[in-house]
Amino acid sequence: MHIHRPIAAPLKIILARALIRLLALLPLGLLHALAVPLGWLLDAWPSRKQAVIRTHLALAFPEQGPTERQRRKRQHWIEMARLGLETGAIWHWSRSRIL
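Here is what the cut-offs are and how they apply
Residues numbered from 1 in each chain as written. Predicted model: local features only at pLDDT ≥ 70, side-chain atom pairs only at ≥ 80, totals over all residues. Heavy atoms only, no water. Salt bridge = Lys/Arg side-chain N within 4 Å of Asp/Glu carboxyl O. Helix = DSSP H or I, 4+ residues; strand = E, 2+ residues; numbered from the N terminus. Buried < 20%, exposed > 50% of the residue type's maximum accessible area, 1.4 Å probe, protein only. Axes fitted to C-alpha atoms, helices over the stretch in contact; angles between N-to-C directions. Parallel < 35°, antiparallel > 145°, perpendicular 65-115°, else oblique. Contact = heavy atoms within 4.5 Å. Nonpolar A, V, L, I, M, F, W, Y, C, P; charged D, E, K, R; others polar. Phe/Tyr/Trp six-rings, centres within 6.5 Å; stacked < 30°, edge-to-face > 60°. Lys NZ or Arg CZ within 6 Å of the ring centre and 35° of its normal. Core = buried A, V, L, I, M, F, W, Y, C linked by side-chain atoms within 4.5 Å.

Draft legend 1. Molecular detail of the pattern of salt bridges. On inspection of all chains with the given rule, the structure shows five salt bridges. Among the ionic pairs, Arg71 bridges to Glu68, the shortest N-O distance being 2.6 Å. One end of the pair is Arg71 and the other is Glu68, both in helix α4 (residues 66-92) and three residues apart, which spans about a single turn. A relative accessible area of 28% means that Glu68 is categorised as partly exposed. Where Glu68 meets Arg72, a salt bridge forms, and the shortest distance between an N and an O atom there is 4.0 Å. Of the two residues, Glu68 and Arg72 both sit in helix α4, four residues apart, roughly one turn of that helix.

Below you can see the structure in the form of C-alpha cells.
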C-alpha cells in the first residue's frame with residue numbers, strides 16, 4: 001500500500017536542512033546572541049506549550065511568584081532557541097572547531 005505524502009513535507013525538510021547548513025556558517029557567539037530575541041519571540045508566541053510550561057514551573061517552584069516564573073519561562077525559550085541555532089554547528093563543524 002502506497003502512502004501519499006503532501007509535496008510540502010519534503011520541501012520543508014529541504015528548507016530546514018538548508019537553514020541549518022546556513023546557520024553553521026555563523027560564529028557561535030552570533031548564534032548565541034540571536035537566541036535572545038528569538039527566545040523572546042517564542043515566549044510571546046501563543047501555543048499550548050506555554051500553559052504546560054507555566055503549570056510545570058508553578059509545580060516545580062511554588063515558592064516563586066508569577067514574575068520569577070515568567071522569567072524562567074522566557075529563559076527556557078531562549079535556551080531552546082540557542083539549542084536550535086547551535087544544531088548547524090554541531091552537525092557541520094569539524095571536531096577541532098567544536099572542541
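Draft legend 2. Spotlight on the packing of helix α1 (residues 8-23) against α4. The interhelical angle for the contact between α1 and α4, taken along N-to-C directions, is 80°, at an axis separation of 7 Å. In terms of axis orientation, α1 runs roughly perpendicular to α4. Note on element contacts: α4 touches α1 through Leu85, Thr87, Gly88, Trp91 and His92, opposite Ile20, Arg21 and Leu23. Here the contact of α1 with α4 is composed, by residue class, of four nonpolar, three polar and one charged.

Draft legend 3. Up close: the packing of aromatic side chains. Considering all chains together, one arrives at zero aromatic pairs under this definition. A cation sits over an aromatic face here: Arg72 above Phe61, 3.9 Å from the ring centre. In this structure, Arg74 packs its charged tip against the face of Trp40, placed 4.0 Å from the ring centre.

Draft legend 4. Focus on the nonpolar core. In this structure, Leu23, Leu31, Ala35, Ala81 and Leu85 together form the largest nonpolar core, which totals five residues. Residue assignment for this core shows that the elements contributing at least two residues are α2 (28-44) and α4. Discounting chain neighbours no more than four positions away, the residues touching Ala35 are Ile78, Ala81, Arg82 and Leu85.

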